[in-house]
Each structure stands twice: as C-alpha cells, then as structure tokens.
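Residues per chain, in single letters:
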Amino acid sequence: MLTIIGCGNLNRNDDAVGVIIAQRLQQYVAQNPHPNIRVFDCGTAGMEVMFQARGSEKLIILDASCTGSEAGAIFRVPGNELEALPEPSYNLHDFRWDHALAAGRKIFLDDFPQEVTVYLIEAKNLDFGLELSPIVQRSADLVFAELIIIIQQNVMA
C-alpha cells in the first residue's frame, strides 16, 4: 500500500502547498480508484500523520520548507533523514510530521512504512493568505505530475 500525506496550513499562503497537492491527488484517485493507494490531507496534525501512515508499505509526505533556498526549490528527501523524536511534552500541538515518523516507527514497529520519501517545496510567502505564489504553484504542478507517475507505477505493481 502507498500512502501520500499532504501537510501544511491553508491559511498561510505557500505553507499550504502540501495540502493543495494532496487535495488534487485525492481528486485524481477518486476518478482512478485503486485499493492500494491512499491520499490524506493531514493539515497541521502531526499525530494524524502517524495514524494514517500505519499499515502502509510506502509513505510519501508533502510539505513546504523554509530553509533559505531559492523559492520553489523542490527537495526529495528520504524520510529517515528527517525523522526526529519530539521532546517529552503534553502539548500535542508541537507534534509535527517529522515526530510522527520517529514515533510511528517506535510504536507501530513493522506496521509502519519502511520506505518514506518527503517532498519539500521551498516557500516564498508564509504570510496569512490563501494563494500559492506563482513559483511555488509551478513547483507544486511538477511534484503533482511526478506523483501521478508514482501512483500509476504502484497500481501496475
């Protein structure tokens, strides 16, 4: 099973890019259903990422990044390079998807995806607003097209 999860905040312009790609993929999968493909919009809920990923063989996470790189830059990173255990806390608002990767692996063991890929798109504008900047929209379109190919390959497998 392949699970794709979009993360981000729809109210912060480019921070929404992962969610927007996931929503487009949900429409594609609704029109081209396959029992081994799941797509979720997890927004900013890191804990939900952990539970939605459970039971998958492969996991792809989509999100914005803010590294100081050129806006629209696309990073494709193995998940194990980004996973991090959270600091002990009772505040789950700070539990992010990188925490979900580490915690999910510890909690669910073999029932958590071993193959994790993270697509990050460098944001240009993280102010309050509802629109992707044009450069980030172009990058989102490229990632969407690449994920359609990955989905089609997984359907064939």
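Rules of the game
- Residues numbered from 1 in each chain as written.
- Predicted model: local features only at pLDDT ≥ 70, side-chain atom pairs only at ≥ 80, totals over all residues.
- Heavy atoms only, no water.
- Axes fitted to C-alpha atoms, helices over the stretch in contact; angles between N-to-C directions.
- Helix = DSSP H or I, 4+ residues; strand = E, 2+ residues; numbered from the N terminus.
- Parallel < 35°, antiparallel > 145°, perpendicular 65-115°, else oblique.
- Left-handed = near helix turned anticlockwise from the far one by under 90°.
- Contact = heavy atoms within 4.5 Å.
- Nonpolar A, V, L, I, M, F, W, Y, C, P; charged D, E, K, R; others polar.
- Core = buried A, V, L, I, M, F, W, Y, C linked by side-chain atoms within 4.5 Å.
- Buried < 20%, exposed > 50% of the residue type's maximum accessible area, 1.4 Å probe, protein only.
- 1 Å grid on protein atoms, 1.4 Å probe; cavity = no way out; pocket = protein on both sides within 12 Å on 5 of 7 lines; lining within 4 Å.
- Points joined across faces, edges and corners; volume = space filled by probe spheres on them.

The chain carries the name Hydrogenase maturation protease in an unreviewed UniProt entry, which gives Dolichospermum compactum NIES-806 as its organism.

Visitor: Explain the packing of helix H1 (residues 17-31) against helix H4 (residues 134-156) here, please?
Guide: In a pair of packed helices, the angle between the axes and the distance between the axes together describe the arrangement. Axis separation between H1 and H4 bottoms out at 10 Å; the angle between their running directions is 40°. When the axis of H1 is compared with that of H4, the two are oblique. The element H1 and its partner H4 pack so that their crossing is right-handed. Note on element contacts: H4 touches H1 through Val136, Gln137, Ala140, Asp141, Val143, Phe144, Leu147, Ile148, Ile151 and Gln152, opposite Val17, Ile21, Arg24, Leu25, Tyr28 and Val29. Of the residues that constitute the contact of H1 with H4, the class distribution is twelve nonpolar, two polar and two charged.

Visitor: Is there a simple way to think about the nonpolar core in this case?
Guide: Among soluble globular proteins, nonpolar side chains are generally buried collectively. Formed by 24 residues in total, the largest nonpolar core has its most connected members in Ile21, Leu25, Leu62 and Leu147. Among the secondary structure elements, those contributing two or more residues to this core are strand E1 (2-7), H1, strand E2 (37-43), strand E3 (58-65), strand E5 (115-122) and H4. The contact partners of Leu25, leaving out residues within four places of it in the chain, are Ile4, Val39, Leu62, Phe144, Leu147, Ile148 and Ile151. Grouped together as the second largest cluster of nonpolar side chains are 19 residues, Ile5, Met50, Leu59 and Val118 included.

Visitor: It is not clear to me how the layout of surface pockets should be interpreted in this structure. Could you clarify?
Guide: Empty space left among the atoms is revealed by rolling a probe the size of a water molecule over them. Its boundaries defined by the atoms lining it, the largest pocket holds a volume of some 200 Å³. Contributing to the lining of the largest pocket are 14 residues, with Gly43, Thr44, Asp63, Arg96 and Trp97 lying nearest its centre. Elements that contribute at least two residues to the lining of the largest pocket include exactly helix H2 (46-53) and helix H3 (97-108). Along the lines of polarity and charge, the residues of the lining of the largest pocket split into five nonpolar, five polar and four charged.

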